Amino acid sequence: VSADALVLGPGREFDLVRGFLARWGELAQGVGGDCAELDVPAGSRLVVSTDTSVEDVHFRRDWLSAREIGYRATAAALSDLAAAAAEPLALLLALTLPRGWRDAAGEIAEGVAEAARLAGAPIVGGDTTAGAALSLTVTVLGTAARPLSRAGARPGDALWLTGTLGGPAAALRAWLAGAAPDPVHRARFARPLPRLAEARWLAGQGATAAVDLSDGLAADARHLAAASRVRLDLDADAVPRLAGVELAEALASGEEYELLLAAPAALDAVAFAMRFGVPITRIGRVAALAAGERPGVHARVDLPGGHDHLSP
Ligand SMILES: [Mg+2]
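The present account deals with the structure reproduced in this document. Values in this document were obtained by computation on a predicted structure and should not be read as measured data.

Here we come to the overall build of the chain. The number of helices and strands found in the chain is 10 helices and 10 strands. The principal-axis extents of the C-alpha atoms in the chain amount to approximately 65 × 55 × 40 Å. Residue burial in the chain is summarised as follows: out of 312 residues, 51% are buried. Nonlocal contacts in the chain, meaning residues at least 24 apart in sequence, comprise 87% of its contacts between residues at least 6 apart. Working note: accessible area of the chain is about 14,100 Å², and carbon and sulfur atoms make up 52% of it. Side-chain charges in the chain split into 29 positive and 37 negative, and the spacing between the mean points of these groups amounts to 3 Å.

Let us now look at helix 3 (residues 66–83). When the terminal C-alpha atoms of helix 3 are compared, their 26 Å separation across 18 residues agrees well with the 26 Å that a helix rising 1.5 Å per residue should span. Along helix 3, 16 of the 18 residues are buried, which leaves the element largely enclosed by surrounding structure. The positive-phi residue at the C-terminal boundary of helix 3 is Ala85, with phi of around 55°.

Let us look at the coordination of the magnesium ion. Those donors, Asp80 (OD) and Asp212 (OD), are the protein atoms that reach the magnesium ion, and they lie 2.0 Å from it. Remark: Asp212 occurs in strand 6 (residues 209–212) and Asp80 occurs in helix 3; sequence separation between them is 132 residues. For Asp80, a relative accessible area of 23% puts it in the partly exposed group.

Before going further, it helps to examine the sheet that holds strand 1 (residues 45–54). Ordered in space as 1-4-2-3, the four strands form an open sheet in which the pairing is mixed. The strands lining the two open edges of the sheet, one partner per strand, are strand 1 and strand 3 (123–129). Averaged over all neighbouring strand pairs, the angle between strand axes comes to 15°, with direction disregarded. In this sheet, strand 3 lies alongside strand 2 (residues 87–96) in parallel orientation, the contact comprising six bridges. Its bridge partner being in strand 3, Leu91 is matched across the sheet by Ile123.

Trp24, Leu78, Leu91, Leu134 and Leu136 are the most contacted members of the largest nonpolar core, which totals 66 residues. It is helix 3 that provides the largest number of residues to this core, a total of 10 residues. What Leu78 contacts, discounting residues up to four positions off in sequence, is Leu91, Ala115, Ala119, Ala121, Val140, Pro194 and Leu196. The next biggest cluster of nonpolar side chains, apart from the first, holds 27 residues, and it includes Ala221, Ala250, Val286 and Val297.

Time to look at the side chain of Thr143. Inspection of the secondary structure assignment puts Thr143 in strand 4 (residues 135–144). When neighbours within four sequence positions are excluded, Thr143 is seen to be in contact with Val40, Pro41, Ser44, Arg45, Leu46, Val47, Ala86, Glu87 and Leu89.

To continue, consider a nonpolar patch on the surface. Residues Val40, Leu46 and Val48 make up a contiguous nonpolar surface patch of roughly 250 Å² in combined accessible area. You can call Val40 partly exposed: its relative accessible area is 38%.

How each quantity is defined
Residues numbered from 1 in each chain as written. Predicted model: local features only at pLDDT ≥ 70, side-chain atom pairs only at ≥ 80, totals over all residues. Heavy atoms only, no water. Helix = DSSP H or I, 4+ residues; strand = E, 2+ residues; numbered from the N terminus. Buried < 20%, exposed > 50% of the residue type's maximum accessible area, 1.4 Å probe, protein only. Contact = heavy atoms within 4.5 Å. Areas by Shrake-Rupley, 256 points an atom, 1.4 Å probe, with all protein chains shown as cover. Lys, Arg positive; Asp, Glu negative; His and termini not counted. Charge placed at Lys NZ, Arg CZ, Asp CG, Glu CD. Expected span 1.5 Å × (residues − 1). Donors = N, O, S within 2.8 Å, 3.2 Å for Na, K, Ca; no water. Pairing = 2+ DSSP bridges. Axes fitted to C-alpha atoms, helices over the stretch in contact; angles between N-to-C directions. Core = buried A, V, L, I, M, F, W, Y, C linked by side-chain atoms within 4.5 Å. Patch = residues over 30% accessible without salt bridge, like charges linked within 9 Å, V, L, I, M, F, W, Y side chains within 5 Å. Salt bridge = Lys/Arg side-chain N within 4 Å of Asp/Glu carboxyl O.

Here it is as structure tokens:
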């Protein structure tokens, strides 16, 4: 039992937190006080993001293990720090735990810890409550001297994509058809890898804008174009996709947590792949808007709409 756990009072909620702290060990820092205090390196910007994963909205209980649910919710939140090319500083977990999930709480906490450890982000606080549906809200804090955003793409930049798309969409397609997904597809859904170190390297190589793919390439490309007030000329045929995935499915596949970036065309894709063990592919270019033209994405194929969690 860590010293932090001793400051928690009696009661079932605190017993739950004590159980988390026992699993998290050194990864938990300052949990149990009213606030966490963090040092931000001089000259850095603090970047913050929060992300919620809800049972039967983002995942179903029979698709994922409790550990995967914890891992995936945390990785998804950390992916927003990757989009900013930020160094993770800390994270907080707000957990709504229905009665039927209490026995799985420890495994969920293990999954959160696994993603936090991979990112080097201590867990510095959170909240637990009872509720009707399992819900994990993960708030992430990071620092960067010059954070990337969606807004910096410049005409003349190339459009780059990390990874190979389509796994999450193909896994969902299989589950919704009552089938077992291909293990490669399932792994891309259950165990996404936030591209944190990759993003910092790319920022160092002159990347000007980035977005992490949560809504699907087509939709997130539109977000990047709108924020940067540019046109993206997308070479859809160049988009790398996993075996068993059609182009349209790859373009629509959400929750990929790969990065779409504007960066110099001369980027060394071979060096990137050697260093990080994941490909980076040039999939288009950034163009200036013509007079009266609206920001958007041009491709020689019909682009799908994005995933919208609030659509019926
Ligand atoms: Mg994002």
